[in-house]
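Observations on the model geometry
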Amino acid sequence: MEQIQQMLSSKSEALINKENNYGAHNYHPLPVVLEKGEGVFVWDVDGKKYYDFLSAYSAVNQGHCHPEIVGAMVQQAQKLTLTSRAFYNDQLGVYEEYVTNYFGFDKVLPMNTGAEAVETALKLCRKWAYEVKGIAENQAQIIVCENNFHGRTTTIISFSNDETARKSFGPFTDGFIKIEYDNIEALEKALESSKNIAGFLVEPIQGEAGVYVPSEGYLAKAKALCEKHNVLFIADEVQTGIARTGKLLAVHHENVQPDILILGKALSGGVYPVSAVLANNSIMDVIKPGQHGSTFGGNPVAAAVAVAALEVIKNEKLAENAERLGVLLRKGLSDIAAKNPLVTIVRGKGLLNAIVIDCDEESELAWEICLKFRDYGLLAKPTHGNKIRLAPPLVITEEQIQDCLSIIEKALNDFK
Ligand SMILES: *Cc1c(COP(=O)(O)O)cnc(C)c1O
């Protein structure tokens, strides 16, 4: 096979240059320029086909351009796109009833992006703390975890420990206590440290940090501790939710129902920005008119798209598929790791997985490996230096998983 790295076509190069010249440099994309997607595949501007093993950070769980989701979007877009929440529309209530039944909550607050939904959850938690729990104004504390990723707004980066995301963006928002992830004693200690704890915000699996799966029982124990202390358990399932880890929600692996659930990404199957915060009335009803909102949140296109996207998850049994094929993928990756010392760890749940490459976080090796994957027809990206997330759309088949394992093995062998 081609040992020399594939050259970029002049067409790709010209388009990359445009982004470089006219776009802010807030991302460092892998050099591949895509123009089409269908199911598990994407195509570049030269017609080369790739398996998508990022799925837009798990937004495209239902596969690229799913005809039913795109169909719902087109149909609604031709009829009514935006009313704002100044008026009612004929889609929002239908979606709200559907999504709350689907996830088992009384109410939903619709937003657009993941970060907005996290912000919404934090505001909701604080307001509940003051008005229901009875914490003194401005004293509420929310417990968060080290190495979290919850988005990019000023408040959210206030409690990040990713210095790249934080440096020179201060001053930051107060009111957060950071503890070690997957450490139940640390949570217990933090909960006992003050009467002013309002909530515990947690990713059921830390995705951006490199797909850290907590110890079995962690989430259930954390939920029980929160209950004991009258503290809201807030699950950020923006990346782990909606069938990605082999259950509808990752917390379902431990039979946990969060007090506040945050969804985004795959809530639209990647066709439109749709996010949501779900909670029961005792919490959600603290929000009154004028206290929170968004011009686009809950618009008719978003509502129609989200219903279609959630129906696809159920109709195509994507949670079951993710569970079954995740086992196969990790088995195959472990077999590769047994033969190739470059791969030190294989971990994940369902189809949210990562391999850890034997190099330090500053090394370029994982990036080089991803370029090789690309050359062989599979797209993935390193996260935190030496980890490569492997998260294909959940519509992938067993045969395709085997094909991808061959690509991964062949590419890794080039670095042996
Ligand atoms: C992606 C992500 C977010 C932020 O979502 P955006 O739509 O990018 O704002 C928040 N939380 C988690 C766990 C995520 O993976």
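It should be emphasised that the depicted structure is a prediction, and the values quoted were computed from it without experimental measurement. (Residues numbered from 1 in each chain as written. Predicted model: local features only at pLDDT ≥ 70, side-chain atom pairs only at ≥ 80, totals over all residues. Heavy atoms only, no water.)

With that out of the way, let us pick up the state of the cysteines. Cysteine pairs can be linked by a disulfide, which is a covalent bond between their two sulfur atoms. Scanning the model with the defined rule gives zero disulfides in all. In this model Cys65 remains outside any disulfide bridge; the closest cysteine sulfur is found in Cys404, 19 Å from its own. By relative accessible area, Cys65 is classed as partly exposed at 49%. This cysteine, Cys404, is not joined by any disulfide, and Cys370 carries the nearest cysteine sulfur, 14 Å off. (Disulfide = S-S within 2.5 Å. Buried < 20%, exposed > 50% of the residue type's maximum accessible area, 1.4 Å probe, protein only.)

On to the site of the ligand. Close to the ligand lie Thr113, Gly114, Ala115, Phe149, His150, Gly151, Glu203, Asp236, Val238, Gln239 and Lys265, which account for all nearby residues. Note that a nitrogen atom of the ligand is positioned 2.7 Å from one of the side-chain N or O atoms of Asp236. The separation between an oxygen atom of the ligand and a polar side-chain atom of Lys265 is 2.7 Å. Bound to the protein, the ligand loses 81% of the 380 Å² it would expose on its own. Taken together, the residues of the shell around the ligand sort by class into three nonpolar, five polar and three charged. (Near = heavy atom within 4 Å. Polar contact = N/O pair within 3.5 Å; in protein donor to acceptor, adjacent residues only side chain to side chain. Areas by Shrake-Rupley, 256 points an atom, 1.4 Å probe, with all protein chains shown as cover. Nonpolar A, V, L, I, M, F, W, Y, C, P; charged D, E, K, R; others polar.)

Once the domains are mapped, the protein shows domain 1 (2-62 + 317-413) and domain 2 (67-315). With centres defined by C-alpha atoms, the gap from domain 1 to domain 2 works out at 27 Å. Facing 29 residues of domain 1, the contacting portion of domain 2 comprises 29 residues. Interface area for domain 1 against domain 2, summed over the two sides, is near 2300 Å², with a carbon-plus-sulfur share of 56%. When residues of domain 1 are sorted by the area they lose upon contact with domain 2, Gln62, Lys349 and Leu352 head the list and together hold 29% of the total. Joining domain 1 to domain 2, the criterion identifies one salt bridge. Of the charged contacts in the structure, one is a salt bridge between Arg389 and Glu208, with a shortest N-O distance of 2.7 Å. Remark: the boundary between domain 1 and domain 2 carries 17 residue pairs in polar contact (both at pLDDT 80 or more). Of the residues assigned to the side of domain 1 that touches domain 2, the class counts are 14 nonpolar, nine polar and six charged. (Domains from an automatic or database assignment. Contact = heavy atoms within 4.5 Å. Buried area = accessible area lost by both parts, 1.4 Å probe. Salt bridge = Lys/Arg side-chain N within 4 Å of Asp/Glu carboxyl O.)

Following Gly170, the chain continues into Pro171 via a peptide bond in cis, with omega recorded as 0°. By the secondary structure assignment, Pro171 is in the loop between helix 7 (163-166) and strand 6 (176-179). If you check the backbone angles, Cys65 has positive phi at about 50° while not being a glycine. Its place among the elements puts Cys65 in the loop between helix 2 (55-58) and helix 3 (67-77). With a phi angle near 80°, Ala243 is a residue other than glycine that sits in the positive phi range. (Helix = DSSP H or I, 4+ residues; strand = E, 2+ residues; numbered from the N terminus.)

Another point: the sheet that holds strand 6. Across the sheet, which stays open at both edges, the seven strands sit in the order 4-10-9-8-7-5-6 with mixed pairing between neighbours. In the strand order of this sheet, the two ends are held by strand 4 (107-111) and strand 6, each with one partner. The mean angle between the axes of side-by-side strands here comes to 20°, regardless of whether they run parallel or antiparallel. Both strand 5 (residues 141-145) and strand 7 (residues 197-202) contribute to a ladder of three bridges, which runs parallel. By the bridge assignment, Ile143 is partnered in strand 7 with Phe200. The strands that helix 5 (residues 114-133) touches are strand 4, strand 5, strand 6, strand 7, strand 8 (232-236), strand 9 (260-263) and strand 10 (275-279); relative to strand 10, the one it contacts most, it runs at about 25°. (Pairing = 2+ DSSP bridges. Axes fitted to C-alpha atoms, helices over the stretch in contact; angles between N-to-C directions.)

Once that is clear, we can look at the packing of aromatic side chains. In the structure shown here, the tally under the stated rule is seven aromatic pairs. Ring centres of Tyr98 and Tyr102 lie 5.6 Å apart, and the angle between their planes is 35°; this geometry places the pair in the tilted category. Of this pair, Tyr98 and Tyr102 both sit in helix 4 (residues 92-103), separated by four residues, roughly a single helical turn. Judged by relative accessible area, which is 9%, Tyr102 ranks as buried. Here Tyr181 and Tyr218 contribute two aromatic rings whose centre-to-centre distance is 5.7 Å and whose plane-to-plane angle is 70°, an arrangement assigned as edge-to-face. Here Tyr181, found in the loop between strand 6 and helix 8 (184-192), pairs with Tyr218, found in helix 9 (residues 218-228); they are 37 residues apart in sequence, far enough to count as distant. Its relative accessible area of 3% is what places Tyr218 among the buried residues. Ring pairs connect the aromatic residues Phe41, Trp43 and Tyr51, which therefore count as one cluster. Geometry around Phe41 places Lys49 over its ring, the cationic atom sitting 4.1 Å from the centre. (Phe/Tyr/Trp six-rings, centres within 6.5 Å; stacked < 30°, edge-to-face > 60°. Lys NZ or Arg CZ within 6 Å of the ring centre and 35° of its normal.)

Another point: the pairing of strand 3 (residues 49-52). Two elements, strand 2 (residues 41-44) and strand 3, share three bridges in a ladder whose sense is antiparallel. Each residue of the ladder has a partner; that of Val42, found in strand 3, is Tyr50. Relative to strand 13 (residues 378-379), strand 3 is paired through two bridges, and the arrangement is parallel. The partner of Tyr51 across the bridge, within strand 13, is Leu378.

Here we take up the environment of Gln139. Here Gln139 shows up in the loop between helix 5 and strand 5. Considering only alpha carbons, one finds Gln139 and Ala129, 10 residues apart in sequence, at a separation of 9.3 Å. Each residue touching Gln139, except ones within four places of it in the same chain, is listed here: Tyr130 and Asn196.

This part covers the pattern of salt bridges. Under the defined criterion, the tally for this structure stands at 12 salt bridges. Its salt-bridge partner being Asp285, residue Lys107 comes within 3.4 Å of it at the nearest N-O pair. Separated by 178 residues along the polypeptide, Lys107 in strand 4 and Asp285 in the loop between helix 10 (281-284) and helix 11 (300-315) bring together distant segments of the chain. With a relative accessible area of 34%, Lys107 lands in the partly exposed category. What makes Asp285 partly exposed here is its relative accessible area of 35%.

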